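# Understanding the architecture of this molecule
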Amino acid sequence: RDQPRSRGLGDVYKRQQIFVDSTNIADLSRESLRAQIAVISQDTAILRGTVMDNIRLGRPDASFYEVMKAAELAGLNEFVNNLPDRYHTVIGDADSRPARSQRRRFSIARALLRCPTLVVLDVTEAWGNPKTREHEQFLLREHWSHQTRIVLLPTAEHASFADGAGYTDSGVED
């Protein structure tokens, strides 16, 4: 039986306007928008390379100290400190791929390094864990308080921290 097609974010975008520093993102070039945005998704790609290389995907010219600080804020310390060569450990192979929750933290560390003007945070599954929800809400309040923030939430009850909220009728398309 055919399922009706859900209305996704593309439909919401067509009806709503999103502003970054008083500029409608519809008026920005694709390159300009990409330079200003950080997306923290449910699952994040880890490339074959060192921990340092993978975090620096957020900002390739970041110093070692900046990478360590971003990793600490993202909650990667325990993971990194348990690796044989810490930040110089090669990861990304099938046998050295971090768990999904750790990959999400890599995405957060990359976003912290990037200092974006627009943060898109997909929490549809991650906030089922109260510690994860609390940590990410802290980051939204303390580290991304001056950025435009779009948070994709599973339920309205999770929006209590937000200044405003918008909803789709039936989820997000794949």
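The rules behind each value
Residues numbered from 1 in each chain as written. Predicted model: local features only at pLDDT ≥ 70, side-chain atom pairs only at ≥ 80, totals over all residues. Heavy atoms only, no water. Pairing = 2+ DSSP bridges. Helix = DSSP H or I, 4+ residues; strand = E, 2+ residues; numbered from the N terminus. Axes fitted to C-alpha atoms, helices over the stretch in contact; angles between N-to-C directions. Contact = heavy atoms within 4.5 Å. Parallel < 35°, antiparallel > 145°, perpendicular 65-115°, else oblique. Left-handed = near helix turned anticlockwise from the far one by under 90°. Buried < 20%, exposed > 50% of the residue type's maximum accessible area, 1.4 Å probe, protein only. Polar contact = N/O pair within 3.5 Å; in protein donor to acceptor, adjacent residues only side chain to side chain. Core = buried A, V, L, I, M, F, W, Y, C linked by side-chain atoms within 4.5 Å.

Moving on, we come to the sheet that holds strand β3 (residues 37-40). On the basis of which strands lie adjacent, the open sheet formed by three strands has the order β3-β6-β7 and parallel pairing. In this open sheet, the two strands that pair with only one neighbour each are β3 and β7 (148-152). The mean inter-strand angle of the sheet, taken between neighbouring strand axes irrespective of direction, is 10°. Relative to strand β6 (residues 118-122), β3 runs parallel, the two sharing four bridges. Bridge assignment links A38 to a residue of β6, and that residue is V119. In the packing of helix α6 (residues 100-114) onto the sheet, contacts are made with β3 and β6, and the angle to β3 comes to roughly 165°.

Bringing the packing of helix α4 (residues 64-74) against α6 into the picture now. Direction vectors running N to C along α4 and α6 enclose 130°, while the axes themselves pass 8 Å from each other. On the basis of the axis angle, α4 is oblique to α6. Two packed elements cross with a definite hand, and for α4 against α6 that hand is right-handed. Between α4 and α6, the residues in contact are E66, V67, A70, A71, L73 and A74 and R105, I108, A109, L112 and L113, respectively.

Quick look at the side chain of N24 now. Mapped onto the elements, N24 comes out in strand β2 (residues 23-24). Taking the relative accessible area as the measure of exposure, N24 reaches 12% and is therefore buried. At 2.9 Å, the side chain of N24 forms a polar contact with the backbone nitrogen of A26.

Let us now look at the pairing of β6. Among the five residues of β6, five are classified as buried, and the element is accordingly described as predominantly covered. Alternating residues of β6 divide into L118, V120 and D122 and V119 and L121, and every residue in both groups is buried. Relative to β7, β6 runs parallel, the two being bridged by five bridges. For L118, the partnering residue across the bridge sits in β7 and is T148.

With that out of the way, let us pick up unusual backbone geometry. Of note in this structure, R86 is not a glycine but carries a positive phi near 45°. The residue R86 is located in the loop between α5 (77-81) and β5 (90-91) in this model.

Next up on the list: the nonpolar core. Counting 29 residues, the largest nonpolar core has V51, I55, L76, Y87, F106 and W144 as its most contacted members. Secondary-structure elements contributing two or more residues to this core are β3, α3 (51-55), α4, α5, α6, β6 and α7 (130-142). Among the elements that make up this core, the one with the highest residue count is α6 (six residues). In contact with L76, other than residues within four places in its own chain, are I55, A71, Q102, R105, F106 and A109.

Right, let's talk about the environment of A74 for a bit. Along the polypeptide, A74 turns up in helix α4. Classification of A74 as buried rests on a relative accessible area of 0%. Along the chain, A74 and R110 lie 36 residues apart, while their C-alpha atoms are 8.9 Å from each other. With residues near it in sequence (within four places) discarded, A74 still touches R105, I108, A109, L112 and H135.

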